[in-house]
Amino acid sequence: MSIKKTVAILDFGSQYTQLITRRVREHHVYSEIFPFTVSPEELQEQGVEAIILSGGPANVYKKNAPTLNQNLLNINIPILGICYGLHLLVNTTGGTIVSSGSGEYGNARINRTGGQSQLFNDIPENTQVWMSHGDEINELGPEWKPIAISSNGVVAAIQHISRPFFGVQFHPEVIHTTDGATFISNFLFNVCGCRPNWTPSNFINNAVKEITEKVGDNELVCGLSGGVDSSVVATLLHKAIGTRSHCIFIDHGMLRKEEVNQVMGSLRTGLGLNIHHFDHSKNFLQKLNNVIDPEKKRKIIGNEFIHSFSEIAKNIGNIHYLAQGTLYPDIIESGGNTVGPAVKIKSHHNVGGLPDDMPFDLIEPLKELFKDEVRLVGRELGLPEFVLNRHPFPGPGLAVRIIGKITIERLEILQNADHIFIDILKDTGEYDKIWQAFAVLIPIKTVGVMGDTRTYENLIALRAVTSTDGMTAEWYHLPYDVLDKCSNRIVNEVSGINRVVYDITGKPPGTIEWE
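Cut-offs applied
- The numbering scheme is per chain: residues are counted from 1 as the chain's sequence reads.
- Only residues with pLDDT of 70 or above have their local features reported here, since the model is predicted, and side-chain atom pairs are shown and tallied only from 80 upward, although totals for entire chains, interfaces and linings are computed over all residues.
- For the side-chain quantities, the full set of heavy atoms in the structure was used; hydrogens and water were omitted.
- Working definition: helices are DSSP H or I runs of at least four residues, strands are E runs of at least two. Numbering for both runs from the N terminus.
- For the exposure calls, accessible area comes from a 1.4 Å probe over protein chains only, and a residue counts as buried if that area is under 20% of its type's maximum, exposed if over 50%, partly exposed in between.
- Contact between two residues is taken to exist if any of their heavy atoms lie within 4.5 Å; hydrogens are not considered.
- Note that His is not counted, nor are the chain ends; the positive residues are Lys and Arg, and the negative ones are Asp and Glu.
- Lys charges are placed at NZ, Arg charges at CZ, Asp charges at CG and Glu charges at CD.
- Lines fitted to C-alpha atoms define the axes here, with helix axes fitted over just the stretch in contact, and angles between the N-to-C directions of these axes take values from 0 to 180 degrees.
- Our angle categories are set so that under 35 degrees counts as roughly parallel, over 145 as roughly antiparallel, 65 to 115 as roughly perpendicular, and the remainder as oblique.
- In this scheme the handedness of a crossing depends on how the near helix is turned from the far one: anticlockwise by less than a right angle means left-handed, clockwise means right-handed.
- Amino acids are sorted into nonpolar (Ala, Val, Leu, Ile, Met, Phe, Trp, Tyr, Cys and Pro), charged (Asp, Glu, Lys and Arg) and polar (every other residue, Gly among them).
- The term salt bridge refers to a pairing of a side-chain nitrogen on Lys or Arg with a carboxyl oxygen on Asp or Glu at a separation within 4 Å.
- Here a cavity means grid points, on a 1 Å grid over the protein atoms only, where a 1.4 Å probe fits yet cannot get out; a pocket means an open set of points with protein on both sides within 12 Å along at least five of seven lines; lining residues are those with an atom within 4 Å of a point.
- Grid points are joined across faces, edges and corners, and a volume is the space filled by probe spheres set on the points.
- Two rings belonging to Phe, Tyr or Trp (six-membered ring only in the last case) form a pair when the distance between their centres is within 6.5 Å. Interplanar angles under 30 degrees mark stacking, angles over 60 mark edge-to-face geometry, and anything in between is tilted.
- Counting as a charge over the ring demands two things of the Lys NZ or Arg CZ atom: a distance within 6 Å of the ring centre and an angle within 35 degrees of the ring normal.
- Strand pairing requires that DSSP identify at least two bridges connecting the strands.

Engineer: What should I look at first to understand the overall build of the protein in this one?
Structural biologist: Helices and strands together make up the secondary structure of the protein, namely 14 helices and 18 strands. Expressed as lengths along the three principal axes of its C-alpha atoms, the size of the protein is roughly 75 × 65 × 40 Å. Classification of the 515 residues of the protein by burial places 57% in the buried group. Intrachain contacts of the protein at a sequence separation of at least 6 include 75% that bridge at least 24 residues. Taking the average place of the 45 positive charges on the side chains of the protein and the average place of its 57 negative ones, the gap between the two points comes to 3 Å.

Engineer: Sorry, what's going on with the packing of helix α13 (residues 408-427) against helix α14 (residues 480-493) here?
Structural biologist: Helix-helix packing: each pair is described by the crossing angle between the helix axes and the interaxial distance. Where α13 meets α14, the closest approach of the two axes is 10 Å, and the angle between their N-to-C directions is 150 degrees. Judged by the angle between their axes, α13 and α14 are roughly antiparallel. Read as a crossing pair, α13 and α14 show a hand that is right-handed. Each of Ala417, Ile420, Phe421, Ile424 and Leu425 in α13 lies in contact with α14, whose residues at this interface are Val482, Lys485, Cys486, Arg489, Ile490 and Glu493. Partitioned by chemical class, the residues of the contact of α13 with α14 number 8 nonpolar, no polar and 3 charged.

Engineer: How should I be thinking about the environment of Asp418 in this particular structure?
Structural biologist: Topologically, Asp418 is positioned in helix α13. Residue Asp418 is classed as buried on the basis of its relative accessible area of 4%. Note: C-alpha distance between Asp418 and Leu398 (20 residues apart in sequence) is 9.9 Å. Not counting the four nearest positions on each side in its chain, Asp418 is found in contact with Arg256, Arg401, Phe438 and Ala439.

Engineer: Is there a simple way to explain the side chain of Arg23 in this structure?
Structural biologist: As for its placement among the helices and strands, Arg23 is situated in helix α1 (residues 17-25). Every residue in contact with Arg23, bar those within four places of it in the chain, is listed here: Glu173, Ile175 and Ile184.

Engineer: Quick question: what am I supposed to make of the pattern of salt bridges here?
Structural biologist: Pairing between side chains becomes possible if they bear opposite charge and their charged atoms approach one another. Scanning the model with the defined rule gives 16 salt bridges in all. Between Glu304 and Lys287 there is a salt bridge whose closest N-O contact spans 2.9 Å. Placement of Glu304 in helix α9 (residues 294-316) and of Lys287 in helix α8 (residues 281-287) is noted, with a sequence separation of 17 residues between them. For Glu513, the salt bridge is made with Arg401, and the minimal N-O distance between the two is 2.7 Å. Note that Glu513 is positioned in the segment after β18 (497-502) and Arg401 in the loop between α12 (385-388) and α13, a separation of 112 residues in sequence. Arg401 shares its class with Glu513; the two are buried. One salt-bridge network, in which partners are shared between bridges, spans Arg22, Arg23, Glu26 and Asp372.

Engineer: Got a minute to help me understand the layout of surface pockets in this structure?
Structural biologist: One simple way to see leftover space: roll a probe sized like a water molecule over the atoms. The calculated volume of the second largest pocket comes to roughly 420 Å³. In this structure, the second largest pocket is lined by 20 residues; those nearest its centre are Gln262, Arg390, Ile422, Lys426 and Tyr431. Looking at the lining of the second largest pocket, the elements that each hand over two or more residues are α7 (259-271), α12 and α13. Sort the elements by how many residues they give to the lining of the second largest pocket and α13 lands first, with 5 residues. Classifying every residue of the lining of the second largest pocket by side-chain character gives 5 nonpolar, 5 polar and 10 charged.

Engineer: Explanation requested: the packing of aromatic side chains in the structure shown.
Structural biologist: Within this structure, the stated rule accounts for 10 aromatic pairs. Between the aromatic rings of Phe170 and Phe183, the centroid separation amounts to 5.0 Å while the plane-to-plane angle is 55 degrees, which identifies the pairing as tilted. In this pair, Phe170 is assigned in the loop between β9 (165-168) and α4 (180-191) and Phe183 in helix α4, connecting sequence segments 13 residues apart. Each of the two residues, Phe170 as well as Phe183, counts as buried. An aromatic cluster of at least three residues, connected via ring pairs, comprises Phe12, Phe36 and Tyr84. Over the face of the ring belonging to Phe393 we find Arg256, whose NZ or CZ atom lies 3.9 Å from the ring centre. Across the ring face of Tyr431, the terminal group of Lys426 is positioned such that the distance to the ring centre comes to 5.0 Å.

Engineer: What should I look at first to understand the sheet that holds strand β10 (residues 220-223) in this one?
Structural biologist: Through backbone hydrogen bonds, the strands of a sheet pair up, either in parallel or in antiparallel fashion. Judged by pairing direction, the sheet is parallel, and its 5 strands sit side by side in the order β12-β11-β10-β13-β14 without closing on themselves. If you trace the sheet from one side to the other, it starts and ends with β12 (275-279) and β14 (361-363), each paired once. Strand-to-strand twist of the sheet, defined as the mean angle between neighbouring strand axes without regard to direction, takes the value 30 degrees. In terms of strand pairing, strand β11 (residues 245-251) meets β12 through 5 bridges, oriented parallel. Across the sheet, the residue bridging to Ile250 is Phe278, located in β12.

Engineer: Honestly, the environment of Gly404 in this entry has me stumped. Any pointers?
Structural biologist: Position of Gly404 among the secondary structure elements: in the loop between α12 and α13. On the basis of relative accessible area, Gly404 is assigned to the buried category, the value being 9%. For the pair Gly404 and Glu493, spaced 89 residues apart in sequence, the C-alpha to C-alpha distance is 23 Å. In this structure, Gly404 is in contact with Val291, Ile292, Lys297, Arg410 and Glu515, ignoring residues within four places of it in sequence.

Given below as structure tokens:
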């Protein structure tokens, strides 16, 4: 039995859907994204105690626009509609929405109207909110009353006259809404009566119990990469079933420089786990020979990992389970969270890259968590800081940081450049300020001059970003002197590189990794 009750976020295609989920969890209440087509019966089976309808780009009257299942209004669960979600509530209950021709975009001020409302507890008058809409309420219908008006005369918030339904025209989930956290808190606790029990300690207790019940007396293999995700999984498994969990570290040939020594040395000592190392690099690199397409790379690597684990497991015993560090963003970006308007960004090797005939049942204790939540769980488990603070590293490794063909020569160039980059960030005190930093090898060469000689060598891009959960990111403003040091050392010390560039693209529009 799970300790969590769920706040369901119904996804109508908003760019902020994941952010709503994050904001709810920041109040220690569990939330999960569902497609807008989800049935009331499924939500009730999931233990849902509140529903939030996301925004979205559609107009409620547009053909094929996402619609609201009217039966959701009959299961006696509090509902909050945000932007398009508000329009759906109004349109479904007899009101009308209109396109004004101008809309509201950016900061606006709102003031209460129509008396006191639980949603506005501790919200000051003339509070600043973030608007992003071209449509607005024309007629509310008989079941609703306005509870706030914007400085532009637009209905900014509404409340049902007899049921725990609310709608807001603004976006409380974005930081530009000054009292956004209070709005969300009011809905969760004043309206819904949620309990703030989504905590690291509760998560650990529940995860250990679920692992123990599922695995029973069986043994399993745990894929350990050396990153924080798989390290937390390995520690949870050890806590649950002890030595019946076998940590397997597979060298696929696309690791960072000195990665094997770090995992088998300081990481094994720091975690106190028995880690088994296997070098399968020849098999992986052979399968990736002449492969350029990043989706194919990820699928090949996902398949080959399973093949490797299968061969290793045969020598251990009768293994039924494979544990891995899949996170919630992996599932979201791989298109696994919805059949609605959201699209697949890229297949993560441990989600979209797994073969259909996989001989294991998966154990994925972290598949409900964002990266920052994993770090909190790891800290609660007592993992050392050098593990918790490691930058994320993709399962496919340097395969998705080498644009184009993967060769031994190109791998060596990238490993050396990336090693210098990370070393400089650590030496200058920048590493711990950054969410993720790495080098990318670009499949073009440029002309240069070294000494009196013309060169025609490779181009390296450096990337550093800040983030909290990996769903969005900003490029990190590295000091010029640090960039200068990186460029000089890489060009002078890495054979085959004569030019270095710095990536200043956020997510969106880019992704953190280049492939």
